[in-house]
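Each chain, letter by letter, is given below.
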Amino acid sequence: MRGFAGSSRRIDTVTQTPPQSQPEQHEFQTRGPKLTYFEWGKPGDQPVLLLHATGFHARCWDQVVAELGPGFHVYAVDMRGHGRSDNTPPFIWHSFAGDISELIEFLGLQGAIGVGHSMGGHCMVQVAATHPDAFDRLVLVDPVIFDPDAYLQDRYRGFESAEDHPVSKRRNDWRDWREMYDRFKGRGSFGVWRDAVLEDYCRYGVLRKEDGRWELACPPLVESSIYLGNTSTNVYEEIPKVRIPVLVLRAAARDPDEHMIMDFSKSPTWSQVAAQFEQGVDVYLPQYTHFMPMEDPGLVAEFIRGDRMA
């Protein structure tokens, strides 16, 4: 794998704590937004690329990385509109893939394990299709790839704009990350999360405002825009180009007649997605919700390491 020396496009920040406990933070200027990404491990180890879900950020992977153990050179990216990366529109799913494609080329990724959760899994399929040498295998954690018919319909009928979407009304003013943590702990879907993951989500999911208070690193209007645009990127034309092994981890399936599109207690992923890949394997885990990496980081790490295939 190519190293980073001599590139003028990487701006390193100083890591204040040992690399085994905290990642190095870097910035990369794409042709559009500036991306922030985090790096654990060292060149020569097995490369891993981690892509997060809508509304989340790269540091939500911290506990999965901790469970991986030594021998892995891990990159986790804040997608545009998330974390410390720029809030540069458009927030359409193929735009995320374009950004990640540039980063993959910059890093010179080859033979990596590509891991994506929710939107990140959808994006991982797109970049694996266009960069066949970058990955040896994929782990798609509930990748929000709908039944093909869904891409012919208006799945989000009733929402006229991002402002009309309920996610746009999320609370966006906090005293600090601890107030956010105390508010979310044990509530709704957060009730099944590991405590350390929720802490990472809150700690690294807010940015300081000019008045000294804190706001969400993924603004509510950005998040709602992403949900409204997620049926505009149909990956079924890309799937045949992905000829490497692909594991699709699916949470408990939704009832086909269920229309609660923001209910993440059940999986939005089509049950036949894995069968569309040349080397796809479906792993159905009905004991988990859509937030599998947050519920059981060790389980996801096992699939990344290859300890489990089903």
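Conventions we followed
Residues numbered from 1 in each chain as written. Predicted model: local features only at pLDDT ≥ 70, side-chain atom pairs only at ≥ 80, totals over all residues. Heavy atoms only, no water. Helix = DSSP H or I, 4+ residues; strand = E, 2+ residues; numbered from the N terminus. Buried < 20%, exposed > 50% of the residue type's maximum accessible area, 1.4 Å probe, protein only. Contact = heavy atoms within 4.5 Å. Areas by Shrake-Rupley, 256 points an atom, 1.4 Å probe, with all protein chains shown as cover. Axes fitted to C-alpha atoms, helices over the stretch in contact; angles between N-to-C directions. Parallel < 35°, antiparallel > 145°, perpendicular 65-115°, else oblique. Left-handed = near helix turned anticlockwise from the far one by under 90°. Nonpolar A, V, L, I, M, F, W, Y, C, P; charged D, E, K, R; others polar. 1 Å grid on protein atoms, 1.4 Å probe; cavity = no way out; pocket = protein on both sides within 12 Å on 5 of 7 lines; lining within 4 Å. Points joined across faces, edges and corners; volume = space filled by probe spheres on them. Phe/Tyr/Trp six-rings, centres within 6.5 Å; stacked < 30°, edge-to-face > 60°. Lys NZ or Arg CZ within 6 Å of the ring centre and 35° of its normal. Core = buried A, V, L, I, M, F, W, Y, C linked by side-chain atoms within 4.5 Å.

Visitor: Would you explain the overall build of the protein in this entry?
Guide: A count of helices and strands for the protein gives eight helices and eleven strands. Residue burial in the protein is summarised as follows: out of 310 residues, 56% are buried. Pairs at least 24 residues apart make up 71% of the contacts formed inside the protein by residues separated by at least 6 positions. Counting only carbon and sulfur atoms, one obtains 48% of the accessible surface of the protein, whose full area is about 13400 Å².

Visitor: Sorry if this is basic, but what is going on with the packing of helix α4 (residues 177-184) against helix α5 (residues 195-203) here?
Guide: To describe two helices that pack against each other, one gives the angle between their axes and the distance between the axes. For the pair α4 and α5, the least separation of the axes is 8 Å and the interaxial angle reads 135 degrees. One finds that α4 runs oblique with respect to α5. Remark: the crossing between α4 and α5 carries right-handed chirality. Every residue of α5 that contacts α4 at Trp177, Met180, Tyr181 and Phe184 is listed here: Asp195, Leu198, Glu199, Tyr201, Cys202 and Arg203. Of the residues assigned to the contact of α4 with α5, the class counts are seven nonpolar, no polar and three charged.

Visitor: Any chance you could explain empty space enclosed by the protein here in plain terms?
Guide: If a probe as big as a water molecule is rolled over the atoms, it shows which places are left empty. Here the structure, examined in full by the defined rule, presents three cavities of 30 Å³ or more. Looking at the largest cavity, its volume works out to about 70 Å³. Every residue along the wall of the largest cavity is listed here: Gly55, Phe56, His57, Gly83, Arg170, Met180, Tyr201, Gly205, Leu216, Ala217 and Cys218. When grouped by side-chain class, the residues that make up the lining of the largest cavity number six nonpolar, four polar and one charged. Put simply, the second largest cavity is a space of about 40 Å³. Taken together, His52, Ala53, Phe56, Cys60, Trp61, His117, Pro293 and Met294 form the lining of the second largest cavity. Grouping the constituent residues of the lining of the second largest cavity by class yields six nonpolar, two polar and no charged.

Visitor: Please clarify how the packing of aromatic side chains should be interpreted in this entry.
Guide: For any pair of aromatic rings, the description consists of the separation of the ring centres together with the inter-plane angle of the planes. With the rule as written, the count across this model stands at 14 aromatic pairs. Arranged with centres 6.4 Å apart and planes meeting at 70 degrees, the rings of Trp177 and Tyr181 form a pair that is edge-to-face. With Trp177 and Tyr181 both in helix α4, this residue pair falls four residues apart, about one helical turn. Members of the aromatic cluster, joined through ring pairs, are Phe56, Trp174, Phe184, Phe190, Trp193, Tyr201 and Phe291. Over the ring of Phe38 we find Arg59; its NZ or CZ atom is 5.2 Å from the centre of that ring.

Visitor: Which parts of the structure should I look at to understand the side chain of His122?
Guide: Along the chain, the position of His122 falls in helix α3 (residues 119-130). Owing to a relative accessible area of 0%, His122 belongs among the buried residues under this scheme. With sequence-adjacent residues up to four places away left out, His122 is seen in contact with Trp93, Pro143, Val144, Ile145, Tyr151, Thr233 and Val235.

Visitor: What exactly am I supposed to notice about the nonpolar core here?
Guide: As a rule of thumb, nonpolar side chains are buried together in soluble globular proteins. In this structure, Leu49, Ile100, Phe135, Leu138 and Val242 are the most contacted members of the largest nonpolar core, which totals 48 residues. For this core, the secondary-structure elements that each account for two or more residues are β3 (34-40), β4 (46-51), β5 (72-78), α2 (93-107), α3, β7 (135-141), α6 (220-228) and β10 (245-250). Here this core takes eight residues from α2, the largest share from any one element. Counting 28 residues, the second-largest nonpolar core is a separate cluster that includes Val65, Ile113, Val139 and Leu285.

Visitor: For this particular structure, what's the right way to read unusual backbone geometry?
Guide: Glycine aside, negative phi is the norm for most residues, and most peptide bonds take the trans geometry. Looking along the chain, the bond that leaves Pro89 and enters Pro90 is cis, with omega of 5 degrees. Structurally, the position occupied by Pro90 is in the loop between β5 and α2. The phi angle at Asp142 is positive, at roughly 45 degrees, despite the residue not being glycine. As for its placement among the helices and strands, Asp142 is situated in the loop between β7 and α4. Its relative accessible area of 0% is what places Asp142 among the buried residues. Notably, Val144 is not glycine yet its phi reads approximately 55 degrees, a positive angle. Turning to its location among the elements, Val144 is positioned in the loop between β7 and α4.

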